[in-house]
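Below are the chains, spelled out letter by letter.
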Protein chains: 4
Amino acid sequence: MSSISTPAAPSPASATPPAAVLALTGRSDYPHFLAIPTRWMDNDVYGHVNNVVYYSYFDTVINEHLIREGGLDIHDGTVVGYCVESQCRYLAPLAFPETIDAGLRVAHLGNSSVRYEIALFREGEEVPAALGSFVHVFVARPDDHPTAIPPAIRACLERLKR
Amino acid sequence: MSSISTPAAPSPASATPPAAVLALTGRSDYPHFLAIPTRWMDNDVYGHVNNVVYYSYFDTVINEHLIREGGLDIHDGTVVGYCVESQCRYLAPLAFPETIDAGLRVAHLGNSSVRYEIALFREGEEVPAALGSFVHVFVARPDDHPTAIPPAIRACLERLKR
Amino acid sequence: MSSISTPAAPSPASATPPAAVLALTGRSDYPHFLAIPTRWMDNDVYGHVNNVVYYSYFDTVINEHLIREGGLDIHDGTVVGYCVESQCRYLAPLAFPETIDAGLRVAHLGNSSVRYEIALFREGEEVPAALGSFVHVFVARPDDHPTAIPPAIRACLERLKR
Amino acid sequence: MSSISTPAAPSPASATPPAAVLALTGRSDYPHFLAIPTRWMDNDVYGHVNNVVYYSYFDTVINEHLIREGGLDIHDGTVVGYCVESQCRYLAPLAFPETIDAGLRVAHLGNSSVRYEIALFREGEEVPAALGSFVHVFVARPDDHPTAIPPAIRACLERLKR
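Just so we're clear, the structure is a prediction, and the values are computed from it rather than from any experiment.

## A look at unusual backbone geometry
All names here are of chain B.
Moving on, step 1. The omega torsion across Phe-96 and Pro-97 is 10°, close enough to zero to call that bond cis.
Moving on, step 2. With respect to the helices and strands, the residue Pro-97 is situated in the loop between β2 (79–90) and β3 (99–109).
Moving on, step 3. One non-glycine residue, Asp-144, lies in the positive phi region at around 65°.
Moving on, step 4. For Asp-144, the location among the structural elements is in the loop between β5 (130–140) and α3 (151–158).
Moving on, step 5. Since its relative accessible area comes to 22%, Asp-144 is described here as partly exposed.

## With respect to the interface of chain C and chain D
Moving on, step 1. With 40 residues of chain C in contact, the opposing surface of chain D contributes 43 residues.
Moving on, step 2. With both sides pooled, the region where chain C packs onto chain D buries about 3,400 Å², and carbon together with sulfur makes up 61% of that total.
Moving on, step 3. The tally of links between chain C and chain D comes to zero salt bridges.
Moving on, step 4. Remark: the boundary between chain C and chain D carries 13 residue pairs in polar contact (both at pLDDT 80 or more).
Moving on, step 5. Contributing elements (two or more residues each) for the side of chain C that touches chain D: α2 (51–70), β2 (79–90) and β5 (130–140) of chain C.

## Quick notes on the interface of chain C and chain A
Moving on, step 1. The interface is formed by 10 residues belonging to chain C together with 10 residues belonging to chain A.
Moving on, step 2. Across the chain C to chain A interface the summed buried area is about 920 Å²; carbon plus sulfur atoms make up 70%.
Moving on, step 3. Counting the surface chain C buries against chain A, the share from its top three residues, Trp40(C), Met41(C) and Val45(C), is 60%.
Moving on, step 4. At the junction of chain C with chain A, the criterion picks out zero salt bridges.
Moving on, step 5. Counting across the chain C and chain A interface gives two residue pairs in polar contact (both at pLDDT 80 or more).
Moving on, step 6. Looking at the side of chain C that touches chain A, its residues break down into six nonpolar, three polar and one charged.

Basis of the calculations
- Residues numbered from 1 in each chain as written.
- Chains lettered and ligands numbered in written order.
- Predicted model: local features only at pLDDT ≥ 70, side-chain atom pairs only at ≥ 80, totals over all residues.
- Heavy atoms only, no water.
- Helix = DSSP H or I, 4+ residues; strand = E, 2+ residues; numbered from the N terminus.
- Buried < 20%, exposed > 50% of the residue type's maximum accessible area, 1.4 Å probe, protein only.
- Contact = heavy atoms within 4.5 Å.
- Buried area = accessible area lost by both parts, 1.4 Å probe.
- Salt bridge = Lys/Arg side-chain N within 4 Å of Asp/Glu carboxyl O.
- Polar contact = N/O pair within 3.5 Å; in protein donor to acceptor, adjacent residues only side chain to side chain.
- Nonpolar A, V, L, I, M, F, W, Y, C, P; charged D, E, K, R; others polar.

Here it is as structure tokens:
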């Protein structure tokens, strides 16, 4: 899909960030990484990872980190993180059996919500294959009302800020 | 999304567009609908349809329509539609075993690309549970270069314009 | 499955039960049906529904029925059904955008467990495209110990016996 | 789920191998392993990896190995491996964010087909959490007729025999 930003492809080009922006988005801009091996069924009929599956990489890198580093208890915890918005720009194809490096950073940290930015890199590459964002709102489990992000999770999120 | 962490945001619902905007987005704004029954595994550990799965509903309503009404041949056709951008705002939870009504319209139709807008409605409801967008770029199968949308598919997309 | 590599096995179809057996397994052998539309991402790189996804059809037809007809409460109920065994023979390919008719019957009903048999039919076809089985063990939610199937669910399962 | 083989649970017990058999099925019985990290959406509403997803681990460990060690070309190769039968016994729950060790061996190697056996182990455990089998029939791509397994793939499969 490298051709999509060439002059011959004016429409999709506008959907992708300018080269100058991409050049500024390398691995070093993401403080946390998780290696995510692709699976057979990630590939769709066109032979690439289906667009839907990218979002599974996003919520995996996010939640794995919140559980391991922030103490999020997805079974019995007092707060739950709901996704209220997500987004992805697909810059280059991925395909099974590759392993993907998912980079994660926090772009905005509010009282009860957080906006993550995710970049997916093919192994050994510096230019991302996809750029995504994801907004979590934390709610109290009994009533689903937004609640302040608990201290341990907040500390974990602070460390992801860039 | 700035409002989601303000005191004025009592529930995740406030992460949504203003009511005035939502009021303008009802079922009648979408010329095509597909009923999509949820599946057991769509639900995640929090008991709702996982955020990832919404995107599966998006590319299902789009491709089902292109195949049936536009003659898209996903196995041997001369063009392939690649997703270069997608987005979703989650306004209300969905859960198995509900059936979802997915509304589809075309917001922008270019030479080789198209931007769809999708709304997901719970059965019997007029206010969408999610609003999404999805950009397809059509490429020629041999070389993956962007190509003009074939006439039959274009005619189908024209009918989805709103 | 020994027959699949013999000279007498000209196609994958020969990996199936003898015709005499299949002839006995038609739609009328299944007391309950659910129409399950395929999704774009069900197809894998070979252009057919991925083998994994068949099992999603199985647990969807089962749980949808237990919820609607047996009163199973998957969120707060006192019992949970765990799958302890499943199996599938793939007799013919399925592909998006087909809708699949999933037939369900109960082959064995014990005190705390039930063995289902599922057949997947392509629209308008009498010969199944796949035959599966699935064993549920019901456990009490607090301690995960096997428990007697509650009366409402049992009554629902009794009606599925063949 | 260890309780499912207790005297109080006579039915499901019969679906699981006797303890003596399980004791004979350790990591050393599988010549190839692949580490498969779980994903957020693998968990279902009951908080464990959904039964369906186990099969995704199966075809991932199989196909990853055939591609890397047997030269299987899933995009343009002359042969395709179709799954004609699969099976799983679930012995213990798995859950995100665990990483699963998937062991693979070949139980039967025919002219055009192969039967794999797979065991899933939790990290650091010697007793499998699931035991599965999976039968591939290789067909020629133009006409989908069974064909002899190509030499490079056969050599790879021979090395997996136990």
